[in-house]
Number of protein chains: 2
Amino acid sequence: MKGQFCRETIDKSLAEAGIDFERLDIQELWKQISILEQKLNVQYLRMDFGIPGLPPPDAAINAHLEALSDRKIVSRYPPSEGVTELKVETAEFLNLFLGIQLEPEWCLPTCGSTEAAFIAQAISGRRYKERRQILHLEPGYPPIKAQTQLLGLESCAVDLYACRGRQLIDVIQSHINEGHLAAISWSSPNNPTSMVLSEEELRDIGMLCEWNDVIAIEDAAYLGMIKGGRSSGLRQWNSISQYTDNFFLLLSASKMFSYAGERIGMLVSSAALMGRDYEAMDEFFGCKNVGRAIKRTIFNLTAGAPHTAQYAIARVLKAINQGQYDFVKILGEYGNRARAVRDILLRNGFYGVYEPIHEESEGGFYLTFGFPGLTAAQLLKELLYHGITVLPLSVFGSRHEGGVRACVGLLEQEDMPCFEHRISEFSKSRVACPARLMQ
Amino acid sequence: MKGQFCRETIDKSLAEAGIDFERLDIQELWKQISILEQKLNVQYLRMDFGIPGLPPPDAAINAHLEALSDRKIVSRYPPSEGVTELKVETAEFLNLFLGIQLEPEWCLPTCGSTEAAFIAQAISGRRYKERRQILHLEPGYPPIKAQTQLLGLESCAVDLYACRGRQLIDVIQSHINEGHLAAISWSSPNNPTSMVLSEEELRDIGMLCEWNDVIAIEDAAYLGMIKGGRSSGLRQWNSISQYTDNFFLLLSASKMFSYAGERIGMLVSSAALMGRDYEAMDEFFGCKNVGRAIKRTIFNLTAGAPHTAQYAIARVLKAINQGQYDFVKILGEYGNRARAVRDILLRNGFYGVYEPIHEESEGGFYLTFGFPGLTAAQLLKELLYHGITVLPLSVFGSRHEGGVRACVGLLEQEDMPCFEHRISEFSKSRVACPARLMQ
């Protein structure tokens, strides 16, 4: 028998677990939601975490199975610079889709883009003794800022909600003027807003980076999840790597190829940056050269990235490069879901928070929204009572107080009627007892 | 047609690549040896790196294949605390083989023991502002010290070559007395000497750790590769975890289960240590609790450990725990190879460097030896001319100037005649032209 989303049990359970909605520990919340599902015998529509719901590509799985049958691949350490096939196909892929020319040598596999982000920050923040500040363009994925902290570097932030275009460039310029800025870090498409920076913004950021030797760290974990941003006929996205050599580009197989389980990402950069030497790096890396320090750090942190999975991703990239696998079309399913969800929300009195400014930000994997009169914490709790889980935008560094993030990764088309029903029940309950607004 | 190990080509090739034998970059050497093999059309007996040569257990491969067929395992992030089966079987395994009682909760999968070591040091060295020193018992695996450096912590060292027993304890005590010691780090069995600390040494180190809140970091990546060290009938090895709660134990599937490709290790500790709070940790981890900080850091560094591989290792541990798979017997093959190699070396004028003090250190994966009148760099080069690759002990922090390390992982029994032939050719060449000693 199906259970009920009992308000009292939910409140009691979360209170006992010490869930603090104002300073949310995401992992703890995830755990509690799973516990609640068992306790109440219910199934939440899990929109709180960013989990890919599409199946991994057959090409990847087949190559993965083949690699597993080669016992030398399983038993031997991966080359710490990565499997050649993967490096070559990555460079080719980036050429085709971003229009940038990179050397396979500088496409370095890591244990997820998370490890790549850590190393990118470690290098960026240790090139000059006096420059230990990372500017995060918010909102963003919280572990990136946790890495800044773990590295003993300093975080500063600007929220893209109210700061775009010339204003954004001015803010970056003023941070640079203070003399402590090592890098600027953001995700593109953005998690959680699906936004991408415009060509003008990227061009200006690129110039600022070049002139001041600041590094741009662009996390492209969601590449392919929004429409191509270029006006030309080419299927090409905006990327800082098109405007400066001073970049680290982070790639991930997790979302693009539904390979989150296997921890495969990539740290990519230009030969120009990789070839540079900095005196101050020697203290932490035992060498002054950026490329050498990165290769060593991958080896010293995780001894490379999982061996068999590298062959899996090499194969799917090859299929894409040869025009045999249209990953953008496949990922378009998330865009369809996002549009359906957005329609349902708007019909039921919700408002969008980070509305797409440009058409290219349509689609995406996440939505950001709020409900009039409710704070994010209140909305999160109310939705919990109605069988839907989301996260407050504050978790991602957003200054917007009423917004939450929902991910469509696990919400399949067949779940849509259930989603609509729960949202409309929530909506009716708001109309029925508006006094609750003030609780 | 088979090529020759041409002295001139080798010299020229290594010189051009800028190989500095006095300050060796291991990864660079590995790369050059592979290049030499192609250039000269020869095959080296690769004893320079620690690569498992035995096939991975069927149980692991089968479970791995099964997990890969479950697309939800591939596509979804691993639980950041690890797959339950793996945690449970690890705790059971440690109970059976080390005789310690641990909670599965505190058996945390990582991307190899390398990541585990990094996190263990990060935590240890950030509990007290004034205690940022890690004492490394040498020789040891170089990346561990590179991690200390990467974390901005301070390394100090004592060489076990000439310092054991009471003397070792006195050295540790004197480091503690200086007031800056955060942790003591070593591998057991030792890489590269196969030594294990004695029960008396461990007992005393354990007491020093308890009294002074110093953490013992024991890297057990080579567990099972030497005879059990206990006099009792139980098949049990010495471990610091038997003497204090103040430990981090690092496990790895790489050598024990020939799973180096897949990056699976484990960070293990006591509930007592995991439950402790330290004010100073908040600055780096955003929380004061050891266990919570470790879970967060695994999530923030690599978002967990490869999902399918966790099921693989869970299965093989289960087979061991149920008495269906005798991994010690399987690993005994390396001991057989090591004994055969040792005999050949001794017959040809070599001497052992870190000779086993106790019987329990017999067997092993590595050998350490030298040749009269040659420095380690000279011996390494001379062996390169004779088709054998090794590494100088200085790479591992040893103070012994003539010693090299050789690994028997890839040297199969059928390679033994070739090994013996090359060693005897080398030996004859030393007798034939002793003047070369002075080069």
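Definitions and limits used
Residues numbered from 1 in each chain as written. Chains lettered and ligands numbered in written order. Predicted model: local features only at pLDDT ≥ 70, side-chain atom pairs only at ≥ 80, totals over all residues. Helix = DSSP H or I, 4+ residues; strand = E, 2+ residues; numbered from the N terminus. Rg over C-alpha atoms; globule rule 2.2 N^0.38 Å. Buried ≥ 20, exposed ≤ 12 C-beta atoms within 10 Å, placed from the backbone. Contact = placed C-beta atoms within 7 Å. Pairing = 2+ DSSP bridges. Right-handed = clockwise from strand over helix to strand, strands pointing away. Least-squares fit on C-alpha atoms with pLDDT ≥ 70 in both. Expected span 1.5 Å × (residues − 1). Nonpolar A, V, L, I, M, F, W, Y, C, P; charged D, E, K, R; others polar. Domains from an automatic or database assignment. Axes fitted to C-alpha atoms, helices over the stretch in contact; angles between N-to-C directions. Parallel < 35°, antiparallel > 145°, perpendicular 65-115°, else oblique. Left-handed = near helix turned anticlockwise from the far one by under 90°. Core = buried A, V, L, I, M, F, W, Y, C linked by C-beta atoms within 7 Å.

(A) Local environment of the overall build of chain A. Helix and strand counts for chain A come out as 17 helices and 13 strands. Taken over C-alpha atoms, the radius of gyration comes to 22 Å for chain A, in line with the 22 Å a tight globule of 439 residues would show. Considering only C-alpha atoms, chain A reaches an extent of 65 × 55 × 45 Å along its principal axes. Evaluated residue by residue, chain A yields a buried proportion of 53% over its 439 residues. Nonlocal contacts in chain A, meaning residues at least 24 apart in sequence, comprise 75% of its contacts between residues at least 6 apart.

(B) Up close: the pairing of strand E5 (residues 181–187) of chain A. Residues and elements named next belong to chain A. Within E5, seven of the seven residues are buried, which leaves it mostly tucked inside the rest of the structure. In this structure, strand E3 (residues 133–138) lies alongside E5, joined through four bridges in parallel fashion. Note on E5: the bridge partner recorded for His 136 is Ser 185. Pairing analysis gives five bridges linking E5 to strand E6 (residues 215–219), with the strands arranged parallel. For Ala 183, the partnering residue across the bridge sits in E6 and is Ile 215. The parallel pair E5 and E6 is bridged by helix H9 (residues 199–212), and the resulting crossover is right-handed.

(C) Focus on the relation of the copies chain B and chain A. Superposing chain B onto chain A takes a rotation of 180° combined with a translation of 0.0 Å along the rotation axis, leaving an RMSD of 0.0 Å. The superposition of one copy onto the other is thereby described by a two-fold rotation axis. Interface overlap between copies: 100% of the residues of chain B at the interface are likewise at the interface in chain A, consistent with a symmetric, same-surface contact.

(D) Fine view of helix H8 (residues 166–177) of chain A. The first and last C-alpha atoms of H8 of chain A sit 16 Å apart over 12 residues, in line with the 16 Å expected at 1.5 Å per residue. Note on H8 of chain A: the residue one or two positions beyond its end, Gly 179 of chain A, has a positive phi of about 90°.

(E) The interface of chain B and chain A, seen in detail. Taken together, the contact between chain B and chain A spans 49 residues of the former and 49 residues of the latter. Every element with two or more residues in the side of chain B that touches chain A is listed here: helix H3 (58–69), helix H4 (71–75), helix H6 (112–124), helix H7 (142–150), helix H12 (282–285), helix H13 (290–302) and helix H14 (307–321) of chain B. Here the side of chain B that touches chain A gets seven residues from one element, more than from any other, and that element is H13 of chain B. In terms of residue class, the side of chain B that touches chain A is built from 25 nonpolar, 17 polar and seven charged.

(F) Examining the domain arrangement of chain A more closely. All names here are of chain A. When the domains of chain A are assigned, the result is domain 1 (7–54 + 327–438) and domain 2 (58–321). Distance from the C-alpha centre of domain 1 to the C-alpha centre of domain 2: 29 Å. Listed per partner, the contact involves 27 residues of domain 1 and 31 residues of domain 2. Every element with two or more residues in the side of domain 1 that touches domain 2 is listed here: helix H15 (327–347) and strand E10 (366–370). Broken down by element, the side of domain 1 that touches domain 2 gets its largest block of residues, four residues, from H15. Taken together, the residues of the side of domain 1 that touches domain 2 sort by class into 14 nonpolar, nine polar and four charged.

(G) Main features of the packing of helix H7 (residues 142–150) of chain A against H13 of chain B. Contact geometry for H7 of chain A and H13 of chain B: axes closest at 9 Å, N-to-C directions at 110°. Taken together, H7 of chain A and H13 of chain B sit at an angle that is classed as roughly perpendicular. Like other packed secondary-structure pairs, H7 of chain A and H13 of chain B cross with a definite hand, here left-handed. Each of Pro 143, Ala 146, Gln 147 and Leu 150 of chain A in H7 of chain A lies in contact with H13 of chain B, whose residues at this interface are Arg 296, Thr 297, Phe 299 and Asn 300 of chain B.

(H) Highlighting the nonpolar core. Residues Ile 313 of chain A together with Ile 313 of chain B are the most contacted members of the largest nonpolar core, which totals 268 residues. If we skip the residues at most four places from it in the chain, Ile 313 of chain B touches Ala 60, Leu 86, Ala 253, Phe 257, Tyr 259 and Ile 264 of chain B.

(I) Representation of the packing of H6 of chain B against H13 of chain B within the structure. Residues and elements named next belong to chain B. Two numbers describe how H6 lies on H13: the axes approach to 10 Å, and their chain directions differ by 135°. Between H6 and H13, the interaxial angle falls into the category oblique. The crossing of H6 and H13 is right-handed. Residues Glu 115, Ile 119, Ala 122 and Ile 123 of H6 touch H13, and the partners they reach there are Val 290, Ala 293, Ile 294, Thr 297, Ile 298, Leu 301 and Thr 302. Of the residues contributing to the contact of H6 with H13, the split by class is eight nonpolar, two polar and one charged.

(J) Region of interest: unusual backbone geometry. With an omega dihedral of -5°, the bond running from Ser 188 of chain A to Pro 189 of chain A counts as a cis peptide bond. Position of Pro 189 of chain A relative to the elements: it lies in the loop between E5 and H9. Here the residue pair Asn 191 of chain B and Pro 192 of chain B is connected by a cis peptide bond, since its omega of 15° sits within 30 degrees of zero. By secondary structure assignment, the location of Pro 192 of chain B is in the loop between strand E5 (181–187) and helix H9 (199–212). One non-glycine residue, Ala 303 of chain A, adopts positive backbone phi at about 50°. Tracing the backbone shows Ala 303 of chain A in the loop between helix H13 (290–302) and helix H14 (307–321). Despite not being glycine, Ser 194 of chain B has its phi angle at roughly 65°, a positive value. Mapped onto the elements, Ser 194 of chain B comes out in the loop between E5 and H9. By the C-beta count within 10 Å, which is 26 here, Ser 194 of chain B ends up buried.

(K) Focus on the environment of Ala 305 of chain A. All names here are of chain A. Following the sequence through the fold, Ala 305 ends up in the loop between H13 and H14. Look at Ala 305 and you get buried, because 33 C-beta atoms sit within 10 Å. Sequence separation of Ala 305 and Cys 111 is 194 residues, and the distance between their C-alpha atoms is 4.9 Å.

(L) Structural context of the sheet that holds strand E8 (residues 265–269) of chain A. Residue and element names in this part refer to chain A. The sheet built from seven strands is open, its strands ordered E2-E8-E7-E6-E5-E3-E4 with mixed pairing. The sheet is open, and its two edges are formed by strand E2 (107–110) and strand E4 (154–159), each paired on a single side. Adjacent strand axes in the sheet meet at a mean angle of 20°, parallel and antiparallel pairs treated alike. Sheet analysis places E3 next to E4, joined by six bridges and oriented parallel.

(M) Representation of the pairing of E8 of chain A in the model. All names here are of chain A. Counting buried residues along E8, five of its five residues qualify, which places the element largely inside the surrounding structure. Going residue by residue along E8, you find Gly 265, Leu 267 and Ser 269 tucked away on one face and Met 266 and Val 268 tucked away on the opposite face as well. Taken together, the four bridges between E2 and E8 define a ladder with antiparallel strand orientation. Looking at the pairing, Pro 109 lines up with Met 266 of E8. Across five bridges, the pairing between strand E7 (residues 247–252) and E8 is antiparallel.

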